[in-house]
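# Reading the structure
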Amino acid sequence: MTPYPVLDLTPDELLTTTRTVRKRLDLTRPVPLDLVKECLQIALQAPSGSNRQGWQWMVVTDPALRAAVGQIYKEVTDEYLASHGSAAKLFADDPDRAPIQQRVGTSVAWLGEHMGEVPVLLIPCIKAGKTLPEGNQAALWGSLLPAAWSYALAARARGLGTAWTTLHLQREAEVAELLGIPAGFHQAALIPTAYFTGETFKPAAREPVDNVLHVDRW
């Protein structure tokens, strides 16, 4: 039996309220490593191609290392927010979506400033050789990303907040050298993990399913 309490959430509640958490990450409350390992133990039940289970999980808790990763993340975040593809600039002509995107941009900027202060940084990695395969990489990433998302779900069920981020991958080699990640292992994300402030989360606004659904033919 888990020593850590699990929230009373139905499967649908868990799936629809596992949100990207940035400003509500609690930077002051330590996260036990055993709790992270418990979430990872659940993640390891996810499928992987040919049952290879080629994943590895880099958990960063050392303050100096977190700060170093956080500095890299801040620098690439600043570049991203200044670019035309910034979340804050998307749907600028849509009066309904523009304010939402601007709030997202503010949230991204906050996490850029504070990533290095988050108690736990998780980096899912997959073994793929020194260079990524050409062409379709769905099988490769499909052998890691479901497990990484299972980690986020398990964390949510235990009162933790996470955010799926990938901006640091622009400087993946630098982060690998900093953390001693061996050649041949490729990083998929940087997932800050912390207890969250406030009470709970609610489902986000999304397009109606019929707007994105194609049956038999596009």
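In short, a report on the structure. Every value quoted in this text rests on a predicted model; they were computed, and no experiment measured them.

## Some points on a nonpolar patch on the surface
- A surface patch of nonpolar side chains, amounting to about 360 Å² of accessible area, comprises Leu-15, Leu-145, Trp-149 and Trp-164.
- Within the element layout of this structure, Trp-149 appears in helix α6 (residues 145-157).
- We classify Trp-149 as partly exposed; its relative accessible area is 35%.

## A short note on the packing of helix α3 (residues 63-82) against helix α7 (residues 172-179)
- Here α3 crosses α7 at 175°, and the two axes come no closer than 11 Å. Here α3 is positioned roughly antiparallel relative to α7, judged by the angle of their axes. On the side of α3, the interface is formed by Leu-65, Ala-68, Val-69 and Ile-72, while α7 contributes Glu-174, Val-175, Leu-178 and Leu-179.
- By residue class, the composition of the contact of α3 with α7 is seven nonpolar, no polar and one charged.

## Some thoughts on the packing of helix α2 (residues 33-43) against α6
- Viewed as axis vectors pointing N to C, α2 and α6 meet at an angle of 135°, and their least axial separation amounts to 8 Å. Relative to α6, α2 is oriented oblique. Every pair of crossing elements has a handedness; the one defined by α2 and α6 is right-handed. Where α2 approaches α6, its residues Val-36, Cys-39, Leu-40, Ile-42 and Ala-43 are matched on the opposing element by Ala-147, Ser-150, Tyr-151, Ala-154 and Ala-155.

## Considerations on the side chain of Arg-66
- By the secondary structure assignment, Arg-66 is in helix α3.
- For the buried Arg-66, no salt bridge is present, and the opposite-charge side chain at shortest range is Asp-62, 7.0 Å distant.
- There is a polar contact of 3.0 Å between the side chain of Arg-66 and the backbone oxygen of Val-118.
- Not counting residues up to four positions away in its chain, the partners in contact with Arg-66 are Val-60, Thr-61, Gly-116, Glu-117, Val-118, Pro-119, Val-120 and Leu-121.

## Overview of the environment of Thr-166
- By secondary structure assignment, the location of Thr-166 is in the loop between β3 (160-162) and α7.
- Exposure remark for Thr-166: the relative accessible area of 37% places this residue in the partly exposed category.
- The spacing of Thr-166 and Val-108 is 58 residues in sequence and 12 Å in space, taken between C-alpha atoms.
- When sequence neighbours within four positions are dropped, the list of residues in contact with Thr-166 reads Ala-188 and Ala-189.

## Looking at unusual backbone geometry
- Non-glycine residue Ser-50 carries a positive phi angle of around 55°.
- Among the secondary structure elements, Ser-50 is positioned in the loop between α2 and β1 (55-60).
- For Ser-50, a relative accessible area of 67% corresponds to the exposed category.
- Here the phi dihedral of Asn-51 falls at roughly 55°; this positive angle occurs in a residue that is not glycine.
- Mapped onto the fold, Asn-51 is located in the loop between α2 and β1.

## Here we look at the pattern of salt bridges
- This structure, assessed with the given rule, holds five salt bridges.
- The salt bridge partner of Glu-174 is Arg-171, with a shortest N-O separation of 2.9 Å.
- Judged by its relative accessible area of 22%, Arg-171 is partly exposed.
- Through salt bridges that share partners, Lys-74, Asp-78 and Glu-113 make up one connected network.

Parameters and conventions
- Residues numbered from 1 in each chain as written.
- Predicted model: local features only at pLDDT ≥ 70, side-chain atom pairs only at ≥ 80, totals over all residues.
- Heavy atoms only, no water.
- Patch = residues over 30% accessible without salt bridge, like charges linked within 9 Å, V, L, I, M, F, W, Y side chains within 5 Å.
- Areas by Shrake-Rupley, 256 points an atom, 1.4 Å probe, with all protein chains shown as cover.
- Salt bridge = Lys/Arg side-chain N within 4 Å of Asp/Glu carboxyl O.
- Helix = DSSP H or I, 4+ residues; strand = E, 2+ residues; numbered from the N terminus.
- Buried < 20%, exposed > 50% of the residue type's maximum accessible area, 1.4 Å probe, protein only.
- Axes fitted to C-alpha atoms, helices over the stretch in contact; angles between N-to-C directions.
- Parallel < 35°, antiparallel > 145°, perpendicular 65-115°, else oblique.
- Contact = heavy atoms within 4.5 Å.
- Nonpolar A, V, L, I, M, F, W, Y, C, P; charged D, E, K, R; others polar.
- Left-handed = near helix turned anticlockwise from the far one by under 90°.
- Lys, Arg positive; Asp, Glu negative; His and termini not counted.
- Polar contact = N/O pair within 3.5 Å; in protein donor to acceptor, adjacent residues only side chain to side chain.

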